Amino acid sequence: MIKKLSLVSLFTLLPASFYFSQTTVFAYLKDAEGKPIERAEVDLKGSENDVTADKIGYFQFVDLQPGHYQIMITKPNFETKMMEFDVADEKKKDLGIITLYSNLTSADQGLAIIDSDDDDSNSSGQASTVGLLQSSMDVFSRIAAFDLGFYWFRPRGIDGRTGESMLNGVSMVKSDNGNVDFSNWGGLNEITRYPEIASNHSPSEYAFGGNSSVVYKNTKASEYRKGFQFTQSLTNRNYRNRTSLRYTSGMSKKGWAFTAMGARRWAEEGIQEGTFYDAYGAYLGVEKKFSDSHTITFNAIGAPYRRSTSSPNTQEVYDYRGVHYNSYWGWQDGEKRSERVRRGFQPLFQIQDFWKINKKSSLWTTASYQFGKDKGSRLDWNGVTNPSPTYYRNLPSYYHNSIVYNTTNGTGQVDPSQYGTLIDAYNTSLAAWQNGDPNVTQLNWGQIYANNQKVDAADQAEMARLYGISGKRSKVYLVDDVSDDKIFNAGTHYTYNFNDRTKFIMNVSYQNYKSELYREMKDLLGGDYAIGVDPFKESAKPGSSGLYNTLDSNVQLREGDRMTYNYILRRQEAKVNPGLKFSTGNFDVFVSAMAGYSSSNRDGLFKHYLYDNSYGKSKDYNFWNFGLKGQVVYRINGRNFLVYNGAMYNQAPFLEDLFINPRINALVNPNIRSTVYTANDLSYVINTPFLKLRASGYIVDTQNETNVQRFFADGIQLSSTNPDGSVSQVQSAFVTQVMSNLEKRNMGVELGVDLKVLPTLSLQGLASLGEYTYRNNPEVYLVSDASGSSVTSFGKAYLKDYKQGGTPQRAFSLGFRYNNPKYWWVGANWNYFDNNYLDPAPALRTNNFIQNPYSSTPYLGLTNGDVRDMLKPVQLPSAFFLNANAGKSFMIGKYYILLTASVNNILNNKRFITGGFEQTRETKANDFAQDYYGGAPSFGPKYWYTQGRSYFVNLQFRF
């Protein structure tokens, strides 16, 4: 690099006629204290003209033709800086003094995106946005991402589904649920590390976005550092090891650039019991530069993975087995085997065209195609009880509550002479759980196989009589829920610079989403076959076939057969997003608008015995959406700013919110509408070499939101129409619960501060005070899998003024960072969380919960005090954590080595609950009260706890 700089200096001495009509561009690099930064690398994008700054921080490029240019400035232990500039006909262009700020604590730590598998149908489905703000220059966002995000803190309490994540010009948001599947590029940290971010609801140049940031990532092959980069990581989180290697060729004289990367993350067992992780990632980028104004890139990304997940549990279970307990695994032939295994491979291929039309305008266009399957296994059963060790009948509380129920009610279901048997069963179960008997506390694979292989003469005779089937029937088996996706995206990004103070932007996008979803038999677990017949068919519809697919009379299921459900969800969506940025006086203004149209439908491939509308293509459900965003920045002076962001827009329902029970029918929410968002914030920002500060106040209102959950409920009192026209009541079944016309308000204040008290020492702090509540009493509807009825209204759920769940509403952080001039650093911070709640279960807050269906009056003996006590918000304990990080970088000749380490939750606090949900199994107040006041609730809330102390060590080697 020094030789290249010397050559550049030599060329500047040649006669001016040699570089007539060509320009020399130069600048000086300095740190926050104004000291020169030497040996920083400055890469001119799209060319081989990379230079290295000299001892006074000076660099220059010569012989630049008129046009638009971009440079990337990199220096170990400093934030990477991107700059754009235009060259006209001037002989020299001075870029002035460019300041690079230290970024030691977050430099290349290889932080992984934390994800939730949402295994249980009661989970909120709100996606965490942790990790998305990792390249933000904003001090609050940086601390929130690196220090608080690890503990599932969501800034402003905003659902991640209201954000936008883009890769090379197209959206990566899935139309089914609005989430982003980060596992599609898992492990490729060094490829996707430096996104451009429009925080919260501020407007973006690349997409209209929502309330939880627009994250734009570009993976042009020429924009990575030339050469090899090897990374090795050790951790005790979801995986234990990570290895990656990246190679970049740089731009050749013929205009070609290549970047390739491979990575693997794996663990034989993660921090949670019985979990494993095995994931690969691969990237290939090819770029062809045809001219200074025209480039085409090709990107291919593939990340196959296989990993197991862990269970949420009631407090009873955690008290017995600790916070790392996981009910999804058991011993088989001396090895741990999990029933919940996620497997997926959905490769992505993209072509992107970059065209500099002229000095004032440019056009980027992308075409993208993604396909592949995502599979998730779980145990299923037919004709037997749930084999899970945490099924309520398998826990000590079941026997305890049986004793309490019968002694309390006097005339209970158990004869007093049998109390001794219940007490013995309770003591036996309690001892097994306290001592960790794996035959009781974990899945008993051996017993499942033995039961399936057992000769059951009565069952075999029954199967032969009903269906003409012979052999051993598996009553417990392993199934895969499969999503087979095909997603085409196209997008274009046009910019026109009227002058250096006014810029017009136009984004146009199109997505064609198709996903076939079905269940298939994965493993019969020792038996010869299983049957595809609803075990509750007699109560659901007496005399019916009970077939999940009446188009196929063969009820015998073997491994690989599709079963239970099979349907296709389709959606086409187009959006137009114009924007205008301009400056006038001390004001910078950015206005962005959006108009979108979507069309969605369901196509059933099975004809369910209960629902005529289960088969065939539904009608199209079409939505128009519009939005407006604005940002106004008032420059008080060069260091102090006032920033206002405002947004008002509506968003079409995602497919899973539109089709409320798509596995067995085409029913939709009767009140489905686009969700309406209104968001405003005002910030005061200070940005000096010694102090960075942002203080903000915000308010975000949500209207017409739809929330869909599935669970098993007792006492739901839904009607079922029999073949003879009579109506019977369904007492217990799997149901889909829909909240319609939900309104929420998220308001609060934020403060982020970074104060440099010494040239080498900075203090950092964050405060977030929020109030996230429900603003109305939404309508609640239920649909049962066991009745042929349509949607049943449960009336209003009285949720007004309840707290929203899913994230702490108060958070604080205080820390320091010490940067030694010899390129090592250390930092630590204290983090505190409070006002964290579980989302209230809507079905428990309706009149149907407290009202006896036979008398239409409240249940006998139920007082207002009882109701208030049982239905009070579930507030989770507050907690604090200590984190620390350190690192050291080395330059050995032209080789660069970076070693970093971080430890979270140093004090090993395992009492913090990161999330959970209220169970909605008991939907009648008298039964709920019996369980609630019994002393050991069988159906108490289920939680996820923090994992305890964790570490991450990262070694990076560039050569």
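As annotated in an unreviewed UniProt entry, the protein chain carries the name Carboxypeptidase-like regulatory domain-containing protein and comes from Chryseobacterium herbae. Annotation of the protein chain in UniProt includes, under Subcellular location (unreviewed entry), the sentence "Cell outer membrane".

## Let's talk about the overall build of the protein chain
Scanning the protein chain from N- to C-terminus turns up 13 helices and 49 strands. Taking all 959 residues of the protein chain together, the buried fraction comes to 57%. Summing over all exposed atoms, the protein chain offers an accessible surface of approximately 39,800 Å²; the carbon and sulfur share of this is 55%.

## Some words on the sheet that holds strand E2 (residues 41–44)
Judged by pairing direction, the sheet is antiparallel, and its four strands sit side by side in the order E3-E2-E5-E6 without closing on themselves. Of all the strands in the sheet, just strand E3 (50–52) and strand E6 (81–87) have a single pairing partner and so form its edges. On average, each strand axis in the sheet is inclined to that of its neighbour by 25 degrees, with strand direction left out of account. In this structure, E2 lies alongside E3, joined through three bridges in antiparallel fashion. If you follow Val42 over to E3, its bridge partner there is Val51.

## As for the pattern of salt bridges
Should their charged atoms come close, side chains of opposite charge can pair. Under the definition given, this model contains 42 salt bridges. Between Arg225 and Glu41 there is a salt bridge, and its shortest N-O distance comes to 3.1 Å. Of this pair, Arg225 sits in the loop between strand E11 (214–217) and strand E12 (227–235) while Glu41 is found in strand E2, placing the two residues 184 residues apart along the sequence. Arg225 gets classed as partly exposed once you look at its relative accessible area, which sits at 22%. Classification of Glu41 as partly exposed rests on a relative accessible area of 22%. Across the pair Arg635 and Asp588 runs a salt bridge whose closest N-O atoms are separated by 2.5 Å.

## Examining unusual backbone geometry
In the Ramachandran plot, Asp801 falls in the positive-phi region, its phi being about 75 degrees despite a non-glycine side chain. You can see Asp801 is positioned in the loop between strand E38 (792–796) and strand E39 (810–820). Its identity as a non-glycine residue notwithstanding, Asn908 has a phi of 60 degrees, on the positive side. With respect to the helices, strands and loops of the structure, Asn908 is situated in the loop between strand E46 (895–904) and strand E47 (913–917). We classify Asn908 as partly exposed; its relative accessible area is 27%.

## Here we look at the side chain of Asp181
Mapped onto the secondary structure, Asp181 falls in the loop between strand E9 (170–171) and strand E10 (196–198). The buried charged residue Asp181 lacks any salt bridge, with Lys174 as its nearest oppositely charged partner at 4.5 Å. Of note is the side chain of Asp181, whose polar atom sits 2.3 Å from the side chain of Ser183. Apart from the residues lying within four places of it in its own chain, the contact partners of Asp181 are Lys174, Gln346 and Asp374.

## Observations regarding the pairing of strand E49 (residues 950–958)
Every second residue of E49 is oriented toward a common face, the buried set being Ser950, Phe952, Asn954, Gln956 and Arg958 and the non-buried set Tyr951, Val953, Leu955 and Phe957. Relative to E49, E12 runs antiparallel, the two being bridged by seven bridges. The residue bridging Thr231 from the neighbouring strand is Gln956, located in E49. Both E46 and E49 contribute to a ladder of nine bridges, which runs antiparallel. Residue Tyr896 lies in a different strand from E49, and its bridge partner there is Arg958.

## Notes on helix H13 (residues 925–932)
Residues of H13 that are buried include every one of Ala925, Phe928, Ala929 and Asp931, and no others. One side of H13 carries all its buried residues, which in axial view fall inside an arc of 165 degrees.

## Section: the packing of aromatic side chains
A full pass over the atoms with the stated rule returns 47 aromatic pairs. Here Tyr69 and Phe85 contribute two aromatic rings whose centre-to-centre distance is 5.7 Å and whose plane-to-plane angle is 20 degrees, an arrangement assigned as stacked. Of the two residues, Tyr69 sits in strand E5 (residues 67–74) while Phe85 sits in strand E6, which places them 16 residues apart along the sequence. Both residues of the pair, Tyr69 and Phe85, count as buried. Note that Arg337 overlies the ring of Trp445, its terminal NZ or CZ placed 4.4 Å from the centroid. The residue whose ring lies beneath Lys581 is Phe590, and the NZ or CZ to ring-centre distance is 5.2 Å.

## Topic: the nonpolar core
Among the nonpolar cores identified, the biggest contains 23 residues, and Val780, Leu799, Leu844, Phe849, Leu862, Met870 and Leu871 are the most heavily contacted of them. The contacts of Met870, once residues within four sequence positions are left out, are Leu862, Ala925, Phe928, Ala929, Tyr932 and Tyr933.

## Some details on the confidence of the model for the protein chain
Of all residues in the protein chain, 89% have pLDDT values of 70 or greater, and the mean over the chain is 87. Low confidence marks residues 1–21, where pLDDT is under 50. Its contacts with residues over four positions away, or in another chain, come to 22 contacts. The model gives residues 104–136 a pLDDT under 50, and that stretch makes 104 contacts with residues more than four places away or in other chains.

## Here we look at the environment of Phe928
Checked against the element boundaries, Phe928 lands in helix H13. Between the alpha carbons of Phe928 and Leu844 there is a distance of 9.3 Å; along the sequence they are 84 residues apart. With residues up to four places along the chain from it excluded, the contact list for Phe928 reads Leu844, Phe849, Met870 and Glu922.

## Describing helix H2 (residues 139–148)
Of all 10 residues in H2, 10 are buried, a share of seventy percent or more. Along H2, the residues classified as buried are Val139, Phe140, Ser141, Arg142, Ile143, Ala144, Ala145, Phe146, Asp147 and Leu148.

## Regarding the sheet that holds E9
Hydrogen bonds between backbone groups are what pair the strands of a sheet, and the pairing can be parallel or antiparallel. Across the sheet, which stays open at both edges, the four strands sit in the order E9-E8-E11-E10 with mixed pairing between neighbours. Two strands lie at the open edges of the sheet, namely E9 and E10, each paired on one side alone. Note: strand E8 (residues 164–167) against E9, two bridges, orientation antiparallel. From the neighbouring strand, Met166 faces E9, where its bridge partner is Ser171.

## Notes on the pairing of strand E25 (residues 502–523)
In this structure, strand E24 (residues 476–499) lies alongside E25, joined through 21 bridges in antiparallel fashion. Bridging from a neighbouring strand, Ala490 pairs with Tyr510 of E25. As consecutive antiparallel partners, E24 and E25 are separated by two residues. As defined by bridge partners, E25 adjoins strand E28 (residues 562–584) across 19 bridges and the pair is classed as antiparallel. Each bridged residue has a counterpart across the sheet, and for Lys503 the counterpart in E28 is Lys581.

## Quick notes on the environment of Ala841
Within the secondary structure layout, Ala841 lies in the loop between strand E41 (836–837) and helix H11 (847–850). Not counting residues up to four positions away in its chain, the partners in contact with Ala841 are Glu918 and Thr920.

What counts as what
Each chain carries its own residue numbering, running from 1 in the written order of its sequence. Note on the predicted model: pLDDT of at least 70 is required for a residue's local features to be given, and 80 or more for side-chain atom pairs to be given and counted; whole-chain, interface and lining totals, by contrast, use all residues. The side-chain values count all of the structure's non-hydrogen atoms but skip hydrogen atoms and water molecules. UniProt positions are given in the numbering used here, feature names are shortened, and annotations may be inferred rather than shown by experiment. Numbering of helices and strands runs from the N terminus; a helix is a DSSP stretch of H or I covering at least four residues, while a strand is a stretch of E covering at least two. For each residue, the accessible area found with a 1.4 Å probe, counting protein chains only, is set against the maximum for its type, and the residue is called buried under 20%, exposed over 50%, and partly exposed in between. Accessible surface area values rest on a Shrake-Rupley calculation with a 1.4 Å probe, where residue burial reflects the displayed protein chains alone. For two strands to pair, DSSP has to find at least two bridges joining them. Axis angles are defined between N-to-C directions and span 0 to 180 degrees, where every axis is a line fitted to C-alpha atoms and, for a helix, only to the segment in contact. Basic side-chain nitrogens of Lys or Arg form a salt bridge, by our definition, when they fall within 4 Å of a carboxyl oxygen of Asp or Glu. His is not counted, nor are the chain ends; Lys and Arg add positive charge and Asp and Glu add negative charge. Two N or O atoms count as a polar contact when they lie within 3.5 Å, although within protein this holds only if one can serve as hydrogen donor and the other as acceptor, and sequence-adjacent residues are included solely when both atoms are side-chain atoms. Throughout, a residue-residue contact means that at least one pair of heavy atoms, one from each residue, lies within 4.5 Å. Working definition: the arc comes from the directions between the helix axis and the C-beta atoms, pointing outward to the latter. Pairing of aromatic rings covers Phe, Tyr and Trp, the last through its six-membered ring, and needs centres within 6.5 Å; plane angles under 30 degrees mean stacked, over 60 mean edge-to-face, and all others mean tilted. A ring is considered to have a charge above it if a Lys NZ or an Arg CZ atom is located within 6 Å of its centre and within 35 degrees of its normal. Throughout, nonpolar core names a set of buried Ala, Val, Leu, Ile, Met, Phe, Trp, Tyr and Cys residues whose side chains join them through atoms within 4.5 Å. Each residue carries a pLDDT value, the predictor's own confidence for that position, ranging from 0 to 100.

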